[in-house]
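# Observations on the three-dimensional arrangement
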Amino acid sequence: MKLTIGRYRDEKAYDETFEPVRRVSTLLDALFSIRESIDHTLTFESGCRSGICGACAVKVDGRESLACSIMARDGMRVEPLSGYRPLRDLKVDRSLTEDRLSSAQAYLHEYGEAVCSEKDEERSRIQSDCILCGSCYSVCPVVEVDGEFIGPFALSRSYRYASDPRESGDVDILTAIQSHGVWDCTLCGECTAVCPQGVDSKNDILSLRSMSLRAGFSDPSFVSMDFGAGFSFDGAGF
Amino acid sequence: MSDSVENRYDLLVIGAGIAGMSAVISAKERGMRVMMVSKTSPTRAQSVMAQGGINAALGNVSEDSVRMHIEDTLKSSHGLANPEMVERMCTLAPSVIEKLERLGVPFSRIDGAETPLGSIAQRRLGGARVARACYAQDYTGLKIAHTLYDTVLHMGIERMDDLFLLSLVSEDAVVGGAVFLRISTGEVISIEADKVLLATGGFGAAYHGYTTNACGTTGDAASAVLRAGGRLSGMEFVQFHPTALKGSSILISESARGEGGILVDESGERFTDELAPRDEVSRAIFSKIKSGSDVYLDLTGLGREKLEKLMPQELHLASLHAGVDLATQRVAVSPAVHYTMGGIEVDENYAVTGLKNCFAVGECTNSHLHGANRLGGNSLLEISAFGFDVVDKMERMEVSDSVVDISLSRDRVREEIESMLAGEGETCDIYALRREFGEILFTDVGIIRDRDGLVSALKRCSEIENIVSECSPPDRSRCHNGSLVHLLESRNAILCARATILGAIYREESRGAHYRSDFPDENGMFGEDIVIGMGESGIFVDRGMGVSL
């Protein structure tokens with residue numbers, strides 16, 4: 001079995017192919033094997049080995065995946081996540097995760113006493129399964145063009161708190177995500193497709209849009225009547 | 001390049017799992033200047049792996065009381081817990097759940113409740129007489145940790161990730177800060193504080209290859225305490241989970257046996273009661289493995305439909321890590337380490353024995369709650385209850401006001417790291433050594449122990465320790481040097497392992513998770529903790545500091 005790794009050293013990216021010397025199961029197992037027996041300097045992140053800490057997210061043949069949750073296959077090409085600054089080999093700068101969560105102000109702003117039900121639990125169950133692996137951020141096309149875009153995982157977390165019956169300050173959460181946030185998403189659904197936990201960020205963003213409208217916010221593209229590419233309701237685009 | 005973090009803090013918290021985060025939230029609420037550091041990010045802490053639940057006698061599902069919670073905990077400890085600490089934890093439990101509820105932890109719910117706390121669902125875990133564990137589906141640790149993390153961000157608590165603890169700085173046993181390796185740059189920096197709180201988790205990863213823990217669970221604070229003159233205790237009590245996948249040590253939940261899964265040997269024969277307590281099932285499996293037979297978990301009798309409904313995670317994990325379809329095939333299993341009851345010896349105020357101005361909470365400690373065996377649902381409770389409580393206790397304590405000069409210590413440690421990176425020691429294959437001592441620990445310091453095995457393990461571990469304490473990492477780069485971190489972690493893990501072996505040799509009896517085939521019965525003479533210290537000639541059993549209960 002051969003694996004190609006998209007390495008990154010001294011600001012240079014290059015490919016290198018390795019052949020693990022023992023039988024391996026997951027991609028993470030293969031990376032362990034390479035580091036232990038072939039190249040001790042191979043740099044990647046890992047933690048729990050069972051899909052719950054989010055450390056080992058990488059791109060495999062161009063698609064985001066947790067290295068611990070995918071079988072190693074002959075010919076795979078592994079590279080670091082996009083959207084994050086590469087540091088060394090597969091390791092990227094995750095401080096961005098925290099910046100995005102802070103921008104989104106995704107936390108319980110003001111506790112209001114509420115007796116929760118099973119239905120309330122269900123409302124944010126999947127969103128709170130998020131492990132902050134960054135796969136959704138890596139695949140997001142908006143991130144490529146808007147470096148300040150809050151991004152899918154932080155918006156799903158905003159939804160998780162904004163929809164909580166215990167949150168009395170949901171308008172504050174909605175206020176925080178109006179700019180570079182809920183209206184900037186293209187709804188392509190790639191985030192939903194790659195999430196290893198089944199979080200449906202696209203749907204959460206749609207829900208946040210509805211909540212925003214109900215709270216008195218409006219879609220800025222409707223306000224300016226500017227839909228990009230010269231298309232607008234002022235007639236000039238037709 | 002700055003040598004130290006400019007500010008001096010009231011409190012430096014090392015470790016950012018649930019224990020560390022609970023403490024910094026509590027400290028910040030009290031207006032303390034607090035800094036939290038961690039070698040990884042908070043959401044990668046071992047805490048996120050805890051699935052089952054967090055105990056509190058709320059009585060939402062079945063009648064319960066704090067008294068019953070205390071009794072169950074004491075029973076599980078086999079006489080080694082401090083009743084005062086157990087009572088404190090169990091009494092604090094309902095208020096801890098209330099605090100977590102108010103921070104927004106998305107607990108599982110039951111319909112028809114009249115109060116917010118009354119709506120929290122509870123389940124029964126092993127060793128408890130009633131349904132006492134509050135949970136958030138199978139993600140209890142994850143959801144508590146992430147909610148605390150969101151709160152830490154919200155409160156603007158100062159944090160630095162990427163810092164590996166190299167040593168505590170102390171003068172005349174007064175701790176005044178700590179020295180760290182900044183993993184991303186290779187710098188050695190110091191942080192000064194009036195008080196230091198350790199919350200770095202257990203040392204299960206010493207059993208490399210035979211643990212469900214993350215590789216970084218290497219007892220970093222416990223070994224720093226030992227080197228600084230503090231004490232460890234209860235180190236011989238290591239809890240094994242009976243059924244992890246052979247080879248990968250990925251946990252297969254207890255529910256697999258609860259639902260009717262059976263354990264068989266190579267010839268397909270059953271050999272134990274699958275529903276007996278964890279330590280008994282682990283011993284039965286280990287005996288089979290030691291006699292040369294593989295052991296298999298057989299769930300084929302349940303049928304695919306039931307398996308897909310009840311344990312989809314297990315189906316996926318067995319397929320991924322063992323290439324086995326559980327609906328049609330049995331899967332090879334082995335017990336694996338998943339919790340360490342012992343650790344840093346602390347008093348009732350969480351102050352580290354032998355040091356001043358230094359405190360510790362969570363799995364890195366022996367807080368005298370779990371004794372010889374831990375009750376399910378009490379680990380998440382301990383780290384949050386004592387995490388919130390420790391700041392209250394430390395504020396009431398008199399602390400030394402002598403100022404410790406941190407620069408000497410930092411410069412000495414920096415020289416050591418520089419000489420390692422300069423390749424002054426021989427390069428060792430740290431990965432092969434890590435595998436070897438993990439194997440030794442599992443075989444001779446595992447589920448069934450005897451004097452000969454323990455003595456031989458101690459000898460080989462000491463040899464390996466000599467190698468790793470002198471050698472240089474295979475990678476000499478300054479930035480993001482994983483092998484340097486793994487080498488430093490291995491030094492810590494081996495030191496903890498040696499303390500474990502020493503405790504296990506000294507404890508000539510069987511009690512809870514510690515089983516000696518040459519002393520198979522519990523012996524009243526060993527009704528107190530074995531305390532371990534370290535001097536110039538190495539580690540020793542501190543007979544003068546045995547904790548009488």
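Nothing here was measured: the structure is a model prediction, and the numbers come from that model.

### Overview of the overall build of chain B
If you tally the helices and strands in chain B, you get 14 helices and 19 strands. Rg of the C-alpha trace for chain B: 23 Å, near the compact-globule value of 24 Å for 549 residues, within the 12% margin. For chain B, the spread of C-alpha atoms along the three principal axes comes to 65 × 60 × 45 Å. A burial count over chain B gives 62% of its 549 residues as buried. Look at the contacts in chain B between residues 6 or more apart in sequence, and 72% of them connect residues 24 or more apart. Here chain B displays about 19100 Å² of accessible surface, and carbon together with sulfur accounts for 47% of that area. In chain B, 54 side chains carry a positive charge and 78 a negative one; their mean positions are 2 Å apart.

### Re the packing of helix H13 (residues 451–470) of chain B against helix H14 (residues 482–506) of chain B
Residues and elements named next belong to chain B. Their axes nearest at 9 Å, the elements H13 and H14 cross at an angle of 155°. For the element pair H13 / H14, the angle class is roughly antiparallel. You can see that H13 and H14 cross each other, and the crossing is left-handed. The residues of H14 that touch H13, namely those facing Arg451, Leu454, Val455, Ala457, Leu458, Cys461, Ser462, Ile464, Glu465, Val468, Ser469 and Glu470, are Leu487, Arg491, Ile494, Leu495, Arg498, Ile501, Ala504 and Ile505.

### Describing the sheet that holds strand S10 (residues 232–233) of chain B
Residues and elements named next belong to chain B. If you walk across this open sheet you meet the five strands as S17-S15-S10-S18-S19, and the pairing is mixed. Looking at strand neighbours, the two that pair on one side only are strand S17 (365–366) and strand S19 (538–541), the edges of this open sheet. As paired strands, S10 and strand S15 (residues 343–345) are joined by two bridges and run antiparallel to one another. Paired with leucine 232 across the two strands is isoleucine 344, which belongs to S15. Packed on one face of the sheet, helix H5 (residues 220–228) meets S10, S15, strand S18 (531–535) and S19 and runs near 60° to S18.

### Concerning the environment of cysteine 53 of chain A
Residue and element names in this part refer to chain A. Looking at where cysteine 53 falls in the secondary structure, it is placed in the loop between helix H1 (27–37) and strand S3 (57–60). The class for cysteine 53 is buried, based on a relative accessible area of 4%. Sequence separation between cysteine 53 and glycine 169 is 116 residues; the distance between their C-alpha atoms is 29 Å.

### Side note on the domain arrangement of chain B
All names here are of chain B. Split by domain assignment, chain B resolves into domain 1 (4–202 + 347–396), domain 2 (242–336) and domain 3 (406–541). Taking only C-alpha atoms into account, the centre of domain 1 sits 26 Å from that of domain 3. Taken residue by residue, the interface counts 27 residues in domain 1 and 24 residues in domain 3. Carbon and sulfur atoms make up 64% of the surface buried where domain 1 meets domain 3, a total of about 2000 Å² over both sides. Contact with domain 3 buries area across many residues of domain 1, yet Leu80, Phe164 and Val188 alone supply 27% of it, more than any other trio. Lysine 39 serves as the salt-bridge partner of glutamate 489, at 2.6 Å between the closest nitrogen and oxygen. The interface formed by domain 1 and domain 3 includes nine residue pairs in polar contact (both at pLDDT 80 or more).

### Quick look at the interface of chain A and chain B
On the side of chain B, 57 residues touch chain A, which itself brings 49 residues to the contact. The residue glutamate 36 of chain A makes a salt bridge to arginine 434 of chain B at a minimum N-O spacing of 3.9 Å. Taken together, the connections running from chain A to chain B amount to 28 residue pairs in polar contact (both at pLDDT 80 or more). Only H1, strand S6 (86–88), helix H2 (95–104), helix H3 (118–123) and helix H6 (152–162) of chain A provide two or more residues apiece to the side of chain A that touches chain B.

### Focus: the packing of aromatic side chains
Per the counting criterion, the structure on display carries eight aromatic pairs over all chains. Considering the side-chain rings of tyrosine 210 of chain B and phenylalanine 442 of chain B, the 4.2 Å spacing of their centres and the 10° angle between planes classify their relative orientation as stacked. Of the two residues, tyrosine 210 of chain B sits in the loop between strand S9 (188–198) and H5 while phenylalanine 442 of chain B sits in helix H12 (residues 430–444), which places them 232 residues apart along the sequence. The exposure classification of tyrosine 210 of chain B matches that of phenylalanine 442 of chain B, with both residues buried. Geometrically, the ring pair formed by phenylalanine 286 of chain B and phenylalanine 442 of chain B is edge-to-face, given 5.4 Å between the ring centres and 85° between the ring planes. Of the two residues, phenylalanine 286 of chain B sits in helix H7 (residues 278–290) while phenylalanine 442 of chain B sits in helix H12, which places them 156 residues apart along the sequence. Overall, the relative accessible area of 3% leaves phenylalanine 286 of chain B in the buried class. Taken together through their ring pairs, the aromatic side chains of Tyr207, Tyr210, Phe240, Phe286 and Phe442 of chain B make up a single cluster. The ring of tyrosine 84 of chain A is capped by arginine 94 of chain A, whose NZ or CZ atom sits 5.6 Å from the centre of that ring. Over the ring of tyrosine 161 of chain A we find arginine 160 of chain A, and its NZ or CZ is 3.9 Å from the ring centre.

### Remarks on the state of the cysteines
In protein chemistry, a disulfide is the covalent bond that joins the sulfur atoms of two cysteines. All names here are of chain A. The tally for this structure, following the rule as stated, stands at zero disulfides over all chains. The structure places no disulfide on cysteine 136, whose sulfur is separated from the nearest cysteine sulfur, that of cysteine 191, by 6.5 Å. Residue classification places cysteine 136 among the buried residues on the basis of a relative accessible area of 11%. Cysteine cysteine 185 is unpaired, with the sulfur of cysteine 191 as its nearest cysteine sulfur at 6.2 Å.

### Notes on the sheet that holds strand S5 (residues 77–79) of chain A
All names here are of chain A. Strands sit in the order S2-S1-S5-S3-S4 across an open sheet of five strands; the sheet is mixed. The outermost strands of the open sheet, each flanked by one partner alone, are strand S2 (12–18) and strand S4 (63–66). Here the average twist between neighbouring strands, direction ignored, is 35°. Sheet topology places S3 next to S5; two bridges connect them, and they run antiparallel. Note that in S5 the partner of lysine 59 across the bridge is glutamate 79. Strands strand S1 (3–9), S2, S3 and S5 of the sheet are contacted by H1, whose axis makes an angle of about 65° with S1.

### So, the side chain of asparagine 55 of chain B
Residue and element names in this part refer to chain B. With respect to the helices, strands and loops of the structure, asparagine 55 is situated in strand S3 (residues 54–55). Under the relative-accessibility criterion, asparagine 55 is labelled buried at 2%. A polar atom in the side chain of asparagine 55 sits 3.0 Å from the backbone oxygen of glycine 376. Residue contacts for asparagine 55: discarding those within four places in its chain leaves His69, Ala93, Arg132, Ala133, Leu375, Gly376, Gly377, Asn378 and Leu381.

### Concerning the domain arrangement of chain A
Residue and element names in this part refer to chain A. Here chain A is partitioned into domain 1 (3–92) and domain 2 (95–222). Between the C-alpha centres of domain 1 and domain 2 there is a distance of 29 Å. Each partner contributes to the interface: domain 1 provides 14 residues, whereas domain 2 provides 16 residues. By the criterion of area lost to domain 2, the three top residues of domain 1 are Arg63, Glu64 and Tyr84, representing 51% of everything that side buries.

### Overview of the layout of surface pockets
In this model, the second largest pocket occupies a volume close to 1100 Å³. Around the second largest pocket sit 44 residues that line it, and Asp29 of chain A together with Lys246, Gly247, Ser248 and Ser249 of chain B are the ones nearest its centre. Put simply, the parts of the chain that give the lining of the second largest pocket at least two residues each are H1 of chain A together with strand S11 (238–245), helix H9 (312–322), strand S14 (331–340) and H12 of chain B. Among the elements that take part in the lining of the second largest pocket, S14 of chain B stands out by supplying six residues, more than any other. Looking at side-chain class alone, the lining of the second largest pocket contains 22 nonpolar, twelve polar and ten charged residues.

### A short note on empty space enclosed by the protein
Residue and element names in this part refer to chain A. Per the counting criterion, the structure on display carries eight cavities of 30 Å³ or more. Looking at the largest cavity, it is lined by 15 residues, and the ones nearest its centre are Cys130, Cys136, Phe153, Cys195 and Val199. Going through the elements one at a time, helix H4 (135–139) and H6 are the ones with two or more residues in the lining of the largest cavity. Among the residues making up the lining of the largest cavity, the classes are represented as ten nonpolar, five polar and no charged.

So, how was this worked out
- Residues numbered from 1 in each chain as written.
- Chains lettered and ligands numbered in written order.
- Predicted model: local features only at pLDDT ≥ 70, side-chain atom pairs only at ≥ 80, totals over all residues.
- Heavy atoms only, no water.
- Helix = DSSP H or I, 4+ residues; strand = E, 2+ residues; numbered from the N terminus.
- Rg over C-alpha atoms; globule rule 2.2 N^0.38 Å.
- Buried < 20%, exposed > 50% of the residue type's maximum accessible area, 1.4 Å probe, protein only.
- Contact = heavy atoms within 4.5 Å.
- Areas by Shrake-Rupley, 256 points an atom, 1.4 Å probe, with all protein chains shown as cover.
- Lys, Arg positive; Asp, Glu negative; His and termini not counted.
- Charge placed at Lys NZ, Arg CZ, Asp CG, Glu CD.
- Axes fitted to C-alpha atoms, helices over the stretch in contact; angles between N-to-C directions.
- Parallel < 35°, antiparallel > 145°, perpendicular 65-115°, else oblique.
- Left-handed = near helix turned anticlockwise from the far one by under 90°.
- Pairing = 2+ DSSP bridges.
- Domains from an automatic or database assignment.
- Buried area = accessible area lost by both parts, 1.4 Å probe.
- Salt bridge = Lys/Arg side-chain N within 4 Å of Asp/Glu carboxyl O.
- Polar contact = N/O pair within 3.5 Å; in protein donor to acceptor, adjacent residues only side chain to side chain.
- Phe/Tyr/Trp six-rings, centres within 6.5 Å; stacked < 30°, edge-to-face > 60°.
- Lys NZ or Arg CZ within 6 Å of the ring centre and 35° of its normal.
- Disulfide = S-S within 2.5 Å.
- 1 Å grid on protein atoms, 1.4 Å probe; cavity = no way out; pocket = protein on both sides within 12 Å on 5 of 7 lines; lining within 4 Å.
- Points joined across faces, edges and corners; volume = space filled by probe spheres on them.
- Nonpolar A, V, L, I, M, F, W, Y, C, P; charged D, E, K, R; others polar.

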